Structure formats: structure tokens, C-alpha cells
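# Close look at the chain arrangement
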Amino acid sequence: MFTYARPELSITLNRYWKGGFVTNIEASKSWLDYDDMNLFFGKNRNDSDEQYELTIMNQKFSLFGVAPKLHFGRIKHSSNIAYYTFERNYSKLSFSRNF
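A short tour of the structure in this document, coming up. None of the values given here were measured: they were computed from a predicted structure. (Residues numbered from 1 in each chain as written. Predicted model: local features only at pLDDT ≥ 70, side-chain atom pairs only at ≥ 80, totals over all residues. Heavy atoms only, no water.)

## A short note on the overall build of the protein
Scanning the protein from terminus to terminus reveals zero helices and six strands. Rg of the C-alpha trace for the protein: 18 Å, well past the compact-globule value of 13 Å for 99 residues, more than 25% over. Judged by the C-alpha coordinates and their principal axes, the protein covers about 55 × 20 × 20 Å. Looking at the protein residue by residue over its 99 residues, the buried ones come to 25%. Restricting to contacts in the protein with at least 6 residues of sequence separation, those with at least 24 account for 48%. For the protein, the exposed area adds up to about 7400 Å²; of that, 59% sits on carbon and sulfur atoms. Charge separation in the protein, taken as the distance between the mean sites of 13 positive and 10 negative side-chain charges, equals 13 Å. (Helix = DSSP H or I, 4+ residues; strand = E, 2+ residues; numbered from the N terminus. Rg over C-alpha atoms; globule rule 2.2 N^0.38 Å. Buried < 20%, exposed > 50% of the residue type's maximum accessible area, 1.4 Å probe, protein only. Contact = heavy atoms within 4.5 Å. Areas by Shrake-Rupley, 256 points an atom, 1.4 Å probe, with all protein chains shown as cover. Lys, Arg positive; Asp, Glu negative; His and termini not counted. Charge placed at Lys NZ, Arg CZ, Asp CG, Glu CD.)

Set out below in C-alpha cells:
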């Protein structure tokens, strides 16, 4: 009913700094082409996403090999149906272990 194809294009840049800091910048663009008509709005839905994210981690703050990462990002979601269009900033904390 709500199946779609979602091709995506992304680029990521990583940088290792003195003192154990690691930064990551990622930009991506994706397109969502829904297979079926949205019955409520009476047309096929076509959306796109733009996402930008900065991640900061310091490997010296790891405990048992697990280090915290701070993420700051922005998502812009566009749709041919205005109800589904939005923009959002976000931040989150995650934990990472590299092998």
C-alpha cells in the first residue's frame, strides 16, 4: 500500500585531529517515489530528503573501548503533498566502538 523506491546519494568527510578528536561531516539527498496513489489526497506522493550532519567524537574519552559521539544535524523533507513537508534540526548522543 505504501511501498516506495528510495535512491540516495551521499558524501562523507572524516578528519582525525590531534588530541583524539574525530569529526565527520555527511550530506545526503534521497528521493522517495511511492508506488500507489495516496487515497486521502487523491494523487501519487513524491518526496525528497536533504540531510546534513556533523559528528564529533574524542577517542580519549572511551571506556572499555566505547566512546561517546555527539551528532548535530538538519533534515529538510519536501513532498508534492504539503502535509508531509517539514524541516527539523536535531542533536543526539550515541556510543561507538571501532574494531
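## Describing the pairing of strand β6 (residues 86-96)
Summarising the sheet, strand β5 (residues 67-79) and β6 pair through 11 bridges and their orientation is antiparallel. Its bridge partner being in β6, K76 is matched across the sheet by E87. Between β5 and β6, which pair antiparallel one after the other, the connecting turn spans six residues. (Pairing = 2+ DSSP bridges.)

## Side note on a nonpolar patch on the surface
Residues I11, L13, I25, L54, L70, F72, L93 and F95 make up a contiguous nonpolar surface patch of roughly 790 Å² in combined accessible area. Looking at the nonpolar patch, the elements with two or more residues in it are β2 (8-16), β5 and β6. With respect to the element layout, I25 can be found in strand β3 (residues 21-38). (Patch = residues over 30% accessible without salt bridge, like charges linked within 9 Å, V, L, I, M, F, W, Y side chains within 5 Å. Salt bridge = Lys/Arg side-chain N within 4 Å of Asp/Glu carboxyl O.)

## A word on the pattern of salt bridges
Here the structure, examined in full by the defined rule, presents four salt bridges. K29 is the salt-bridge partner of E50, the closest N and O atoms lying 3.6 Å from each other. Of this pair, E50 sits in strand β4 (residues 43-58) while K29 is found in strand β3, placing the two residues 21 residues apart along the sequence. Residue class for E50 comes out partly exposed when judged on its relative accessible area of 25%. Judged by its relative accessible area of 24%, K29 falls in the partly exposed class.

## Side note on the environment of F72
Within the secondary structure, F72 is located in strand β5. Sequence separation between F72 and Y90 is 18 residues, and the spatial gap between their C-alpha atoms is 5.9 Å. With sequence-adjacent residues up to four places away left out, F72 is seen in contact with Y52, E53, L54, I56, Y90 and S91.

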